[in-house]
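These are the residues of each chain, in order.
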Amino acid sequence: MKNGTKALLGAMLGAATVGTAGAAEVLVTEDIATSTTWTADNTYNLTTQIYVRPGATLTIEPGTIIASTPSANGSGSLAVTRGAKIIAEGTADAPIIFTSTNDDFVTWREAANEWGNLTIMGNAYVSENATPGNVPTPNASNVASMEGLTAAFPGDPDVLYGGGDDDDDSGVLKYVSFRYGGRVVGLNNELNGLSLGGIGRGTELSHIEIMNNVDDGIEIWGGTVNLKYFSIWNIGDDSLDIDQGYRGKVQYGFIVQGYSLDASQGSGVGDNAIETDGAEDSDWQPVTTTTMYNMTVVGQPVDGDGLTAWRDNARVQYRQSIFMDGGEKVVRPDGDDGDGPQGYGFNGTLCFADTWATDH
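Bear in mind that the values here come from a model prediction, so they are computed numbers and not experimental data.

Asker: Explain the side chain of N45 to me, please; I cannot follow it from the model alone.
Answerer: Mapped onto the elements, N45 comes out in strand β3 (residues 42–46). If sequence neighbours within four positions are ignored, N45 has contacts with E25, V26, L27, V28, A67, S68, T69 and T101.

Okay, here's the thing in structure tokens:
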């Protein structure tokens, strides 16, 4: 598995190599409060946690490289707040690459945690019972705090996602690669390769690659955004993680669990290939209700967990998909996520067996 993965990744890295000779390095040191364009003749180094503020749009040209310098106290990261947008529209020949300055764009390395991630926060409905004031029915006032971000003060809106607009538009990500990221903020508080909170269906996500992340590859909390044409390689926890009432569609996904670091499962070695949580708590609404089509999932049989994990009343269908080399179960009904929410059958909801014995 390791040798095959390295060979395939080497081919992909070589195909995505973008010329950087002569490119000027731009140190990104301040939040983006007005609409800004990053151009392919520069490389951009995120020196800290950078926010795109409400009302601003960050546009990134095809072929642009965002390469941040690893540091002991955690290198840079990018977060798009509610009311802001990112337009990162690369091409097959000129992808946009988020990585670290250690990346030579040719050789695959056993590495992760070298910079942060991209986090996008939107205004779509979410189901989260941990936020004081949230209610168990769909409500535009229900919000949640984004994992991996630190609030400057209680109720800091820069780290909140959720709202009442399932058609919300946070921008475009096409032909974008995220490599060697996932800064560890604290215990059980790590950055995923791509974090999506409350993202509406007006947002476009396609042709996305996540490679070698210390935590999850892509994690989606609530919302309705659709995801298609993506690959997730060598993730330290779950390759694709869905939570808090996600109701979009997923299609054309390629997952190879592998490993990013020689570490414990969940911190360098893959856990579940696809983890689906329903709602928090599991009798809240909306509940995760989605269909995934044309998925190819290659597990990690040496030290991986299930190929699909089911929790908190998640309603998920897989169609025309292939699962292989899991090592453990293809379908693993965990019931609950271990963080407080209840499992299937709680408070009058259907148990796991009855959920899948219904006609629809």
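Further notes follow.
Asker: Even after reading the chapter, I still don't get the pattern of salt bridges, so can you show me in this structure?
Answerer: It is possible for side chains of opposite charge to pair when their charged atoms get near one another. The final tally for this structure, using the stated rule, is 13 salt bridges. One salt bridge connects E89 with K174, and the closest N-O pair in it is separated by 3.9 Å. One end of the pair, E89, is in strand β8 (residues 85–89); the other, K174, is in strand β13 (residues 171–179), with 85 residues separating them in the sequence. Given the relative accessible area of 24%, K174 is considered partly exposed. One network of salt bridges, with partners in common, ties together E275, R311, R332 and D334.

Asker: Would you mind going over the packing of aromatic side chains with me for this structure?
Answerer: For any pair of aromatic rings, the description rests on two quantities: the centre-to-centre distance and the angle between the ring planes. Inspection of every chain in the model, using the stated rule, returns 12 aromatic pairs. With a centroid separation of 4.7 Å and an interplanar angle of 10 degrees, the aromatic rings of W38 and Y44 are classed as stacked. We note that W38, like Y44, is buried. Through a chain of ring-to-ring contacts, the aromatic side chains of W310, Y318, F323, Y344, F352 and W356 assemble into a single cluster. Between R109 and the ring centre of Y180, over which it is positioned, the NZ or CZ distance is 4.1 Å.

Asker: Explanation requested: the pairing of β13 in the structure shown.
Answerer: Consecutive residues of a regular strand have side chains that alternate between opposite faces of the sheet. Of all 9 residues making up β13, 7 are buried, and the element is well covered by its neighbours. Taken together, the 4 bridges between β8 and β13 define a ladder with parallel strand orientation. Across the sheet, residue A88 finds its bridge partner in β13, namely L173. In this sheet, β13 lies alongside strand β9 (residues 96–100) in parallel orientation, the contact comprising 3 bridges. From the neighbouring strand, I97 faces β13, where its bridge partner is S177. Where β13 lies against strand β17 (residues 204–213), 7 bridges are found, and the strand directions are parallel. What sits directly across from R179, in β17, is M211.

Reading the values: rules and limits
Residues numbered from 1 in each chain as written. Predicted model: local features only at pLDDT ≥ 70, side-chain atom pairs only at ≥ 80, totals over all residues. Heavy atoms only, no water. Helix = DSSP H or I, 4+ residues; strand = E, 2+ residues; numbered from the N terminus. Contact = heavy atoms within 4.5 Å. Salt bridge = Lys/Arg side-chain N within 4 Å of Asp/Glu carboxyl O. Buried < 20%, exposed > 50% of the residue type's maximum accessible area, 1.4 Å probe, protein only. Phe/Tyr/Trp six-rings, centres within 6.5 Å; stacked < 30°, edge-to-face > 60°. Lys NZ or Arg CZ within 6 Å of the ring centre and 35° of its normal. Pairing = 2+ DSSP bridges.

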